[in-house]
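Take a look at the letters that make up each chain.
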Amino acid sequence: MFLVDTKDCNYLIINNKNKLELPSLNIKDDIEDDYFLCKKYEKKYNHSIRDILVIEKNEKYIFVKCKTDTKPNKGDYKVGVINEIMALITNDFHNQLLLNLSIKIGLEILNDSFWLGIILTTEDKIKDLTMKALLTDFLLFFSSSFCEEIIIYKFGETKDPNYVSDTQVKELRKRYLKKCPLYKSKTMKSIIKEMGIDFDNYVFDNVLIFSDDELLDINSRTWLNRNKENSDLYNGIILSPRRWIKNMYPQLNDIFEEVRKPYIEEFVNKFNKRQLNFKSYSSFKLFDNNLSSNEKIYIMQRIGLIKTTMYFSKIFGRGNYITINEEKNIKVSFDRFLMKVKAELIELLWNDKCQNSIPFLDDVLEKYPKEICNEFFSINRKCRDNIHYGFYYELTDEELNILVKYQDLYLNYIICEFEKHLIIKFGVGYKIGLALARLQYWASN
């Protein structure tokens, strides 16, 4: 049986004697040769396939996922996401294969929504306003992906388009994950104008956020979150994972609410022990002179996203997982959730490099620590791809161990390389400049 991906996890089903089913071949011998399998498929269905991945295999059948760049040039077929084609397929066995896969995807969504809900409640209960703002931004970063994926792959929908529309969700996700922050981009032009960011003159145009004297973030990154006109949109997106779990698993809601409590209490206590402080600073003084305006903006807008994720990961810690039923086959794991968030950041950096001209980033990514094994990047991409709720990629224990070993090493290396270009000094010159800036501000107001 073939799960043929035509594009973005939209799969092909064939009309066989007035019955809709997955494409399939009847082959008696055990086939290990992908090329032979692709040719047999092409001969029967008149279009080609590639990139075969075994989903399930036993002595009776093999269920594989593959991709195609074409569609059958004759015959009756339909295309849809898993939850769409499941409703159309009349072959019971094929339907069961898809149901098994849909359950795995559903458990992945359950894991994401459970921990996003705990982070949301933690954010609501902590005291530090700056920390609350950074956690809100973290929630927007991942919840926007969660919401759009739920909508695309028919695991949920927007209830009130006037409150949160599909288009708004898509645009917010693009802002976080797909629009690279560059000096002349439309979004950055707006931020630069509003904040008065100036790389040529000594003005205090930015705020640096610190934890224990270590730079954590720069306020230009989260500037757009201040827009009160979008508060309903942001609240709707952030609340969506928590609402999804209540709507989809009402029978487990009481269990979820009970197991949440100790984690929330623990995380709130951990966050309340941390203190953040902030200082005004000049973008003119922040960077060495070897960088272009593009590169400076890129560091300003990306370093905080990476550093806050690593900071929160350290506070939350490892080993947070729960089995929530007697059979112990439903497991929610914070480690797995954070692993996927980090995987998304690593892929984000690579996409920024491939789609834009950022010379210093090219250099940084090419000179990653050599102790990182070659398999790491393909495994990380496999983990990242589980943010898409159109398919589920199983990771072996060996693959998970590779991610545990190298994700933090890689991201900490990136942070270190970014920080090499920052110049942060609070000496006499800084104090005099800040005092003069304040006098000028008071005089003009």
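Up top is the structure.
Q: Teacher, can you tell me more about the overall build of the protein chain here?
A: Looking only at helices and strands, the protein chain has 15 helices and 11 strands in total. For the protein chain, the spread of C-alpha atoms along the principal axes amounts to about 85 × 50 × 45 Å. Evaluated residue by residue, the protein chain yields a buried proportion of 51% over its 445 residues. Put simply, 74% of the contacts in the protein chain that link residues at least 6 apart link residues at least 24 apart.

Q: Help me out: how do you make sense of the packing of aromatic side chains in this one?
A: Both the distance between ring centres and the angle between the ring planes are used here to describe each pair of aromatic rings. A complete count under the given rule lists 40 aromatic pairs for this structure. The interplanar angle of 75 degrees and the centroid separation of 6.2 Å between the aromatic rings of Phe 376 and Tyr 406 together place this pair among those described as edge-to-face. Here the residue Phe 376 occupies a position in helix α13 (residues 375-384), and Tyr 406 occupies one in helix α14 (residues 397-419), the gap between them amounting to 30 residues. A relative accessible area of 9% places Tyr 406 in the buried class. Positioned above the aromatic ring of Phe 426 is the side chain of Lys 279, whose terminal nitrogen or guanidinium carbon lies 4.2 Å from the ring centre.

Q: Which parts of the structure should I look at to understand the layout of surface pockets?
A: One water molecule sets the probe size; rolling that probe over the atoms shows where empty space is left. Space inside the largest pocket adds up to approximately 1,100 Å³. For the largest pocket, the lining is made up of 47 residues, of which Cys 9, Arg 384, Asp 385, His 388 and Tyr 393 are closest to its centre. Of all the secondary-structure elements, those providing two or more residues to the lining of the largest pocket are β1 (2-7), β4 (50-57), β5 (62-67), α3 (92-125), α4 (129-152), α5 (166-178), α11 (334-355) and α13. Here the lining of the largest pocket gets six residues from one element, more than from any other, and that element is β4. A class-by-class count of the residues in the lining of the largest pocket yields 18 nonpolar, nine polar and 20 charged.

Q: Where do I start with the sheet that holds strand β8 (residues 214-218) in this structure?
A: Hydrogen bonds between backbone groups are what pair the strands of a sheet, and the pairing can be parallel or antiparallel. Strand order in the open sheet made by the three strands is β8-β7-β9, with antiparallel pairing throughout. For this open sheet the edge positions go to β8 and β9 (276-281), each flanked by a neighbour on one side alone. The sheet shows a mean angle of 35 degrees between the axes of neighbouring strands, direction not considered. With six bridges connecting them, strand β7 (residues 206-211) and β9 associate as antiparallel partners. The residue of β9 that forms the bridge with Ser 211 is Leu 276.

Q: Hey, could you run me through the pattern of salt bridges in this one?
A: Between side chains of opposite charge, pairing is possible as soon as their charged atoms come close. Scanning all chains against the criterion turns up 28 salt bridges. Between Lys 174 and Glu 171 there is a salt bridge, and its shortest N-O distance comes to 3.5 Å. Placement of the pair is Lys 174 and Glu 171 together in helix α5, with a separation of three residues, close to one helical turn. Lys 174 sits in the partly exposed class, given a relative accessible area of 28%. The salt bridge involving Arg 381 is made with Glu 347; its shortest N-O contact spans 3.1 Å.

Q: How should I be thinking about the packing of α4 against helix α7 (residues 231-248) in this particular structure?
A: When two helices pack together, their arrangement is given by the angle between the helix axes and the distance between those axes. At their nearest, the axes of α4 and α7 sit 8 Å apart, and the two run at 65 degrees to each other. Seen along the crossing, α4 lies across α7 with a hand that is left-handed. Across from Thr 136, Leu 139, Leu 140, Ser 143, Ser 144, Phe 146, Cys 147 and Ile 150 in α4, the residues of α7 making contact are Tyr 234, Ile 237, Ile 238, Ser 240, Pro 241 and Trp 244. In terms of residue class, the contact of α4 with α7 is built from 10 nonpolar, four polar and no charged.

Q: In this structure, what is going on with empty space enclosed by the protein? I would like to understand it.
A: Tallying each qualifying case throughout the model produces two cavities of 30 Å³ or more. The volume enclosed by the largest cavity comes to roughly 50 Å³. In this structure, the largest cavity is lined by Ser 113, Phe 114, Gly 117, Arg 242, Ile 245, Phe 256, Glu 257 and Arg 260. Those elements giving two or more residues to the lining of the largest cavity turn out to be α3, α7 and α8 (253-272). Taken together, the residues of the lining of the largest cavity break down into three nonpolar, two polar and three charged. Considered as a void within the structure, the second largest cavity measures approximately 30 Å³ in volume. What lines the second largest cavity is simply Val 81, Ile 82, Asn 83, Ile 105, Tyr 153, Phe 155, Tyr 389 and Gly 390.

Q: Where do I start with the nonpolar core in this structure?
A: Soluble globular proteins tend to bury their nonpolar side chains together. Residues Trp 115, Phe 337 and Phe 418 are the most contacted members of the largest nonpolar core, which totals 133 residues. When sequence neighbours within four positions are dropped, the list of residues in contact with Phe 418 reads Tyr 298, Ile 299, Arg 302, Ile 303, Ile 306, Leu 349, Phe 360 and Leu 361.

Q: Please explain the packing of α7 against α8 as it appears in this structure.
A: Here α7 crosses α8 at 140 degrees, and the two axes come no closer than 9 Å. With respect to α8, the axis of α7 lies oblique. The segment α7 lies against α8, with Arg 242, Ile 245 and Lys 246 engaging Asn 253, Phe 256, Glu 257 and Arg 260. Residues that form the contact of α7 with α8 fall into these classes: two nonpolar, one polar and four charged.

Q: When you look at unusual backbone geometry in this model, what are you seeing that I'm missing?
A: Glycine aside, a negative phi is what most residues show, and trans is what most peptide bonds show. Although it is not a glycine, Asp 8 adopts a positive phi angle of roughly 55 degrees. Within the secondary structure layout, Asp 8 lies in the loop between β1 and β2 (10-16). The residue Asn 18 is not glycine, and still its phi comes out positive at about 65 degrees. With respect to the helices and strands, the residue Asn 18 is situated in the loop between β2 and β3 (19-21).

About the criteria used
- Residues numbered from 1 in each chain as written.
- Predicted model: local features only at pLDDT ≥ 70, side-chain atom pairs only at ≥ 80, totals over all residues.
- Heavy atoms only, no water.
- Helix = DSSP H or I, 4+ residues; strand = E, 2+ residues; numbered from the N terminus.
- Buried < 20%, exposed > 50% of the residue type's maximum accessible area, 1.4 Å probe, protein only.
- Contact = heavy atoms within 4.5 Å.
- Phe/Tyr/Trp six-rings, centres within 6.5 Å; stacked < 30°, edge-to-face > 60°.
- Lys NZ or Arg CZ within 6 Å of the ring centre and 35° of its normal.
- 1 Å grid on protein atoms, 1.4 Å probe; cavity = no way out; pocket = protein on both sides within 12 Å on 5 of 7 lines; lining within 4 Å.
- Points joined across faces, edges and corners; volume = space filled by probe spheres on them.
- Nonpolar A, V, L, I, M, F, W, Y, C, P; charged D, E, K, R; others polar.
- Pairing = 2+ DSSP bridges.
- Axes fitted to C-alpha atoms, helices over the stretch in contact; angles between N-to-C directions.
- Salt bridge = Lys/Arg side-chain N within 4 Å of Asp/Glu carboxyl O.
- Left-handed = near helix turned anticlockwise from the far one by under 90°.
- Core = buried A, V, L, I, M, F, W, Y, C linked by side-chain atoms within 4.5 Å.
- Parallel < 35°, antiparallel > 145°, perpendicular 65-115°, else oblique.

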